[in-house]
Amino acid sequence: MNANTLQDYCKSLHISMVYSVYKSKYSENPEVTAFLNDALSAEFHTRKLNKQMKALKLAGFPTVKRFEDLNVDALPDDGRRSLPDLQTLEFLKERRNLILIGNSGTGKTHCAIAIGVQACLNEYKVLFRTAATLINELYEAKKQNRLSYLIKKLKQADLLIIDELGYISFDLEGAELLFQLLAARYEIQSTLVTSNLMFSEWVKVFHDKTLTAALLDRITHRALILNMTGNSFRRRED
């Protein structure tokens, strides 16, 4: 163990004075160096694990799914080809959106959760909501005069996952609330959307053509869009 590594630990743990004392008095003592290495390594990795567990809990995943749990060969072509890039979280680093579109049972939600879990393990702040749950949260926040607070909270997430957009239609107020949220996140943070509807069909959910066009303009700008249409996993298993 060298002093540079100890310095990195101290910097990460925000205990720079410990390193200063070590450097000035104990850097030539191998026993002290070994002790500090063991102690700081344990503290560093414990804190990291605790952060990861907290991030996973706060994300609100219905269940924890990982990339290694995926049946890669059964994924639609777009999903299978894009999987290595998705695992790098490059789209998240670039603050791009990710949209998975396709029929039910083709692995969209599994991929979305796996991406979210990977992001949590890399210390990104992630929030997972079904579209219906998210709209209900926005409704309730508006009724309770705390809509701006909720949007601010949702805006702060590095990755907001909106699952199952299209399974339930919204009224115009719900559509406007979702638009307000997505506009607040536009080009600031990444949003991941899974949907069973092609873009041309989104007006069925949002009803208003102008609002649908404006929402699509924002959510698809610079987005990575994957066609996840394929054979249903669940039907194969039946």
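Procedures and definitions
- Residues numbered from 1 in each chain as written.
- Predicted model: local features only at pLDDT ≥ 70, side-chain atom pairs only at ≥ 80, totals over all residues.
- Heavy atoms only, no water.
- Helix = DSSP H or I, 4+ residues; strand = E, 2+ residues; numbered from the N terminus.
- Rg over C-alpha atoms; globule rule 2.2 N^0.38 Å.
- Buried < 20%, exposed > 50% of the residue type's maximum accessible area, 1.4 Å probe, protein only.
- Contact = heavy atoms within 4.5 Å.
- Areas by Shrake-Rupley, 256 points an atom, 1.4 Å probe, with all protein chains shown as cover.
- Lys, Arg positive; Asp, Glu negative; His and termini not counted.
- Charge placed at Lys NZ, Arg CZ, Asp CG, Glu CD.
- Pairing = 2+ DSSP bridges.
- Axes fitted to C-alpha atoms, helices over the stretch in contact; angles between N-to-C directions.
- Parallel < 35°, antiparallel > 145°, perpendicular 65-115°, else oblique.

**Student:** Can you break down the overall build of the protein residue by residue, with the values?
**Tutor:** Assigned secondary structure in the protein consists of 12 helices and 5 strands. Rg of the C-alpha trace for the protein: 22 Å, well past the compact-globule value of 18 Å for 238 residues, more than 25% over. In terms of overall dimensions, the protein has C-alpha extents of about 70 × 45 × 30 Å along its principal axes. When burial is assessed residue by residue, the protein has 42% of its 238 residues classed as buried. Considering only intrachain contacts with a sequence separation of at least 6, the fraction spanning at least 24 residues in the protein is 82%. For the protein, the exposed surface amounts to about 13000 Å²; the carbon and sulfur share of it is 49%. The protein carries 32 positive and 28 negative side-chain charges, and their two centres are separated by 4 Å.

**Student:** Explain unusual backbone geometry to me, and be specific about the residues and the numbers.
**Tutor:** A positive phi is found at Glu123, a non-glycine position, where the angle reads about 65°. Turning to its location among the elements, Glu123 is positioned in the loop between α6 (108-121) and β2 (126-130). Classification of Glu123 by relative accessible area gives partly exposed; the value is 46%. Not every positive phi belongs to a glycine, and Asn145 is a case in point at roughly 55°. Within the secondary structure, Asn145 is located in the loop between α7 (131-143) and α8 (147-155).

**Student:** If you had to explain the sheet that holds strand β1 (residues 98-101) to someone new, which residues and values would you point to?
**Tutor:** The strands making up a sheet are joined through hydrogen bonds of the backbone, oriented either antiparallel or parallel. Strand order in the open sheet made by the 5 strands is β2-β3-β4-β1-β5, with parallel pairing throughout. The sheet terminates laterally at β2 and β5 (224-227), the two strands that pair on one side only. Averaged over all pairs of adjacent strands, the angle between their axes in this sheet comes to 10°, without regard to strand direction. Across 5 bridges, the pairing between strand β3 (residues 159-165) and strand β4 (residues 190-195) is parallel. Within β4, the position partnered with Leu159 by the bridge is Ser190. The strands that α7 touches are β2 and β3; relative to β2, the one it contacts most, it runs at about 100°. Across the sheet, helix α9 (residues 172-185) is in contact with β3 and β4; its angle to β3 comes to roughly 150°.

**Student:** How would you sum up the packing of α7 against α9? Please name residues and give values.
**Tutor:** Relative orientation of the contacting elements α7 and α9 amounts to 95°, with a least axis distance of 10 Å. In terms of orientation, α7 and α9 fall into the roughly perpendicular class. From α7, Leu134, Ile135, Leu138, Tyr139 and Lys142 reach across to α9, where they touch Glu173, Gly174, Leu177, Leu178 and Leu181.

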